[in-house]
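# Inside the fold
If you want the building blocks of each chain, they are given just below.
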Amino acid sequence: MRIRININQVRSFLAVALGFIVVCTTVQAQPARIMIPQGSFHSVLPEVVGEPVGVDSFYIDQFPVTNDQFAEFLKENPRWRRSQIPTIYANNGYLKHWESDLIPGQNVEPNRPVTHISWFAANAYSEWNGGRLPTVKEWEFAAQAMDFNSKAEEDQFSYDLIGWYSSVNAIKPQEVGSTGIENKYGVKDMFGLIMEWAEDFKPPIGTDISLDCGTIGRMQENNSIYSYAQSLRYVTRMSFSASSTTGLLGFRVAYDLPVSNHLKSGSL
Amino acid sequence: MLVKQIINTLLASLLVFGVSQQIMAQTSEYEMDGMIFGMPEAEVFIEDYDGPPVVGEYFTQLPTLKPLDYEGNKHHEVRLDAMVQEIEVANGVRYRAWTFGGTVPGPTLHVKEGDRITFTMKNRSNEEVMITEPGKGGSPFMDQVAENNYMDAKPGVMPMPHSMDFHSGTVAKDDKWRTISPGESIKFDWIANYPGTYIYHCGTPSVLMHTAMGQHGVVVVSPKDGFPTDDKVDKEFVVVQSEYYLSKGSRDDLYRYDFEAAQTKQPSHVTFNGHQTILHDQPLEANAGERVRIHFSNNGPSLTSSFHVIGAIFDRVYYEGHPLNEMHGMQTVLLGASNSAVVEFIVPEEGSYILIDHEFADAEKGATGTLKAGPRKE
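What you see is a predicted model; the values in this text were computed from it and never measured.

## A look at the overall build of chain B
Of regular secondary structure, chain B possesses seven helices and 28 strands. Relative to the compact-globule value of 21 Å for 378 residues, chain B shows a C-alpha radius of gyration of 21 Å, a close match. For chain B, the spread of C-alpha atoms along the three principal axes comes to 80 × 55 × 40 Å. Long-range pairs, those at least 24 residues apart, make up 75% of the contacts in chain B with a sequence separation of at least 6.

Put into structure tokens, the structure is as follows:
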């Protein structure tokens, strides 16, 4: 028997069941976060014909979380340090490139995106930071909100992106802000720097799309180089488990609206 | 915080549960037509393994094949890890390849019809793996590559999901050929039920990208009663044809995967044994009057091969390497992507013989090699 679980339903259920518990968090000093207004886009996952996937407005960090920022989090949260974290929350690659529990070290420039981070740790940081991980829908919607002047330009961008997916050297990620790639709202480095965790990285689609030879073909309803590049991201995310860590896998934080009463649309 | 952590744990276990439920319950082992089917469920796990990436005494570097020196059947316990290596595929052309065992194509495994193989693979795309340390051990392949690192392989890191699909195995792909993430390992059994020369490759999407990036190799399953010509064969080699789709990257001197070229089947290089000139730089060697056997596999990923040896006629061709698929007196063997043949020919005279894909556009992209024949030995 196959059991399908909708992660959002599970989340809603747990949220209701545990709703009586108020979680108090101190919101930390915030880096720039940017509002992504509601809209819709075409995912490579099965969708109702003619109906793009809708996304509500949300905020997302302008940059991925850096080694320095993650070190700050660890100072206040000893349980998530490399020496303390239980193996169920991260595999043995967790922060393995750092010099010690709290010090990224000489070989890890502070302004580089933090990688070797599990989904659990990314979640914990996001909550500490007053937010949460973006959903796959939110992440893809934000990342794809780019202004291309022509189909040819879009194709060239996707072509280069596929080249990046197949040639990136994860030994030394570039610094945040170095890619020169940003979406039309000013969110930077969603492409060309690292891969990023999403809250529901493993979509509950059962065997409709398993990871096999035909998967990309079944994701190509739009049959474009753009959706091919998109498919590679979906496939890579689907292969992870929540304790996975790699040298290319980091995250950025998303936030529900409203973040505070002082917010206007646009960046903080 | 604690509550959230509990929720996270619950969610994770639900996720894992949801996924594991998709794998069908395995049937138990059974026999049909003298063959064995119904392997136990594959195991996916985390291991602290940093030893040799290729383990098994019947794993060799192309173009060699380890002779089977045992009677009856054998249970092979082998390892072939997935990892990234920066390699040379032609003079001045280097790229970060996705590999099995560190070279493209990966090492050749030799087994016998009826053998059981317990296979382990760790996805080490997230770590630097040095394949050329002398004395690394584990397999003849490791010693050979330390001695003759013709691709000048250097470790790289590019964490990607990978999987292993052995065409020589008959199993449920959604179990055994499962994709594993960087840092994970998989272990499963298969039985070499049918003799033949079979490709193995990564089956993770995009399968075109994964195979074009270098994740393929060959398993030779020798027939349990041998080929009718076994006694006459003097030299035995393995030659693999495959394509690369590379163009110069903008960031550094390395080449990288060219999506457009791969989609439109316009390879930048078509090679024998993964390197444009290796079979000229290091020719196959035989003598006049000898009978040479070549296990030839067209690993693709996308083109056909019209394999011919200039100056020779294939005395025997065993299509796909099965002794019953016997043909005689062939000039050229046409092989689709993932087809293979065992070809045998008599080396007529001292001199040079050119192995070639007679589709000349491919030959001029590199699909040629040399067999150098010495004088006839009395």
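## Here we look at the confidence of the model for chain B
Residues and elements named next belong to chain B. Residue-level pLDDT values for chain B average 93, and 92% of them are 70 or greater. A low-confidence stretch, residues 14-22 stays under pLDDT 50, and its non-local contacts, those more than four residues away or across chains, total 13 contacts. What the predictor reports for the complex is a pTM of 0.87 with an ipTM of 0.82.

## Points about helix α2 (residues 67-76) of chain A
All names here are of chain A. Three or more residues of α2 are buried, namely Asn67, Gln69, Phe70 and Leu74. Viewed end-on, α2 has its buried residues packed into an arc of 160 degrees, placing them on one side of the element. Facing away from the buried side of α2, by more than 90 degrees, are the exposed residues Lys75 and Glu76. Against α3 (119-128) lie the buried residues of α2.

## A few points about the sheet that holds strand β25 (residues 332-335) of chain B
All names here are of chain B. On the basis of which strands lie adjacent, the open sheet formed by five strands has the order β20-β28-β27-β22-β25 and mixed pairing. Looking along the sheet, the strands with just one partner apiece sit at the ends: β20 (284-287) and β25. The sheet shows a mean angle of 20 degrees between the axes of neighbouring strands, taken without regard to direction. As defined by bridge partners, strand β22 (residues 305-310) adjoins strand β27 (residues 351-357) across four bridges and the pair is classed as antiparallel. Within β27, the residue paired with Phe307 across the bridge is Asp357.

## Considering the nonpolar core
Core analysis: the largest hydrophobic core is formed by 163 residues, its most contacted members being Ala121(A), Val219(B), Tyr257(B) and Val343(B). Ranked by the residues each element gives to this core, the list is headed by helix α7 (residues 225-239) of chain A, at eight residues.

## Description of the pairing of strand β10 (residues 116-122) of chain B
Residues and elements named next belong to chain B. For β10, the buried fraction is high: five of the seven residues fall into the buried class. Where strand β6 (residues 75-80) lies against β10, five bridges are found, and the strand directions are parallel. Bridge assignment links His76 to a residue of β10, and that residue is Ile117. With seven bridges connecting them, β10 and strand β13 (residues 184-191) associate as antiparallel partners.

## Quick notes on the environment of His97(A)
Residues and elements named next belong to chain A. The topology assignment puts His97 in the loop between α2 and α3. Accessibility expressed as a C-beta count within 10 Å gives 18 for His97, which makes it partly exposed. His97 has contacts with Val108, His116 and Gly247, leaving out every residue within four places of it along the chain.

## Some words on the sheet that holds strand β21 (residues 291-300) of chain B
Residue and element names in this part refer to chain B. The strand order across the open sheet formed by six strands is β19-β16-β21-β26-β23-β24, and the pairing between neighbours is mixed. The two strands at the open ends of the sheet, each matched to only one other strand, are β19 (269-272) and β24 (326-330). With strand direction ignored, the average angle separating the axes of adjacent strands in the sheet is 20 degrees. In terms of strand pairing, strand β16 (residues 235-244) meets β19 through four bridges, oriented antiparallel. The residue bridging Ser242 from the neighbouring strand is Thr271, located in β19.

## Considerations on the packing of helix α5 (residues 151-165) of chain A against α7(A)
Residue and element names in this part refer to chain A. α7 packs onto α5 with a crossing angle of 30 degrees between their chain directions and a minimal axis gap of 8 Å. When the axis of α5 is compared with that of α7, the two are roughly parallel. Considering only the axes of α5 and α7, their crossing is left-handed. Of the residues in α7, those in contact with Glu154, Asp155, Ser158, Tyr159, Leu161, Ile162 and Tyr165 of α5 are Ile225, Tyr226, Tyr228, Ala229 and Leu232. For the contact of α5 with α7, the per-class residue count stands at nine nonpolar, one polar and two charged.

## Quick look at unusual backbone geometry
Of note, the amide linkage connecting Pro205(B) to Ser206(B) takes the cis form, showing an omega dihedral of -10 degrees. Of note, Ser206(B) is situated in the loop between β14 (196-201) and α4 (207-212). Along the chain, Gly300(B) connects to Pro301(B) via a cis peptide bond; the corresponding omega equals 20 degrees. With respect to the helices, strands and loops of the structure, Pro301(B) is situated in the loop between β21 and β22. With a phi close to 65 degrees, Asp189(A) is a non-glycine residue in the positive phi region. Structurally, the position occupied by Asp189(A) is in the loop between α5 and β5 (195-196). At Glu320(B), a position not held by glycine, the phi torsion is positive, near 60 degrees.

Criteria and thresholds
- Residues numbered from 1 in each chain as written.
- Chains lettered and ligands numbered in written order.
- Predicted model: local features only at pLDDT ≥ 70, side-chain atom pairs only at ≥ 80, totals over all residues.
- Helix = DSSP H or I, 4+ residues; strand = E, 2+ residues; numbered from the N terminus.
- Rg over C-alpha atoms; globule rule 2.2 N^0.38 Å.
- Contact = placed C-beta atoms within 7 Å.
- pLDDT = per-residue confidence, 0-100.
- Buried ≥ 20, exposed ≤ 12 C-beta atoms within 10 Å, placed from the backbone.
- Arc of directions from axis to C-beta.
- Pairing = 2+ DSSP bridges.
- Axes fitted to C-alpha atoms, helices over the stretch in contact; angles between N-to-C directions.
- Core = buried A, V, L, I, M, F, W, Y, C linked by C-beta atoms within 7 Å.
- Parallel < 35°, antiparallel > 145°, perpendicular 65-115°, else oblique.
- Left-handed = near helix turned anticlockwise from the far one by under 90°.
- Nonpolar A, V, L, I, M, F, W, Y, C, P; charged D, E, K, R; others polar.

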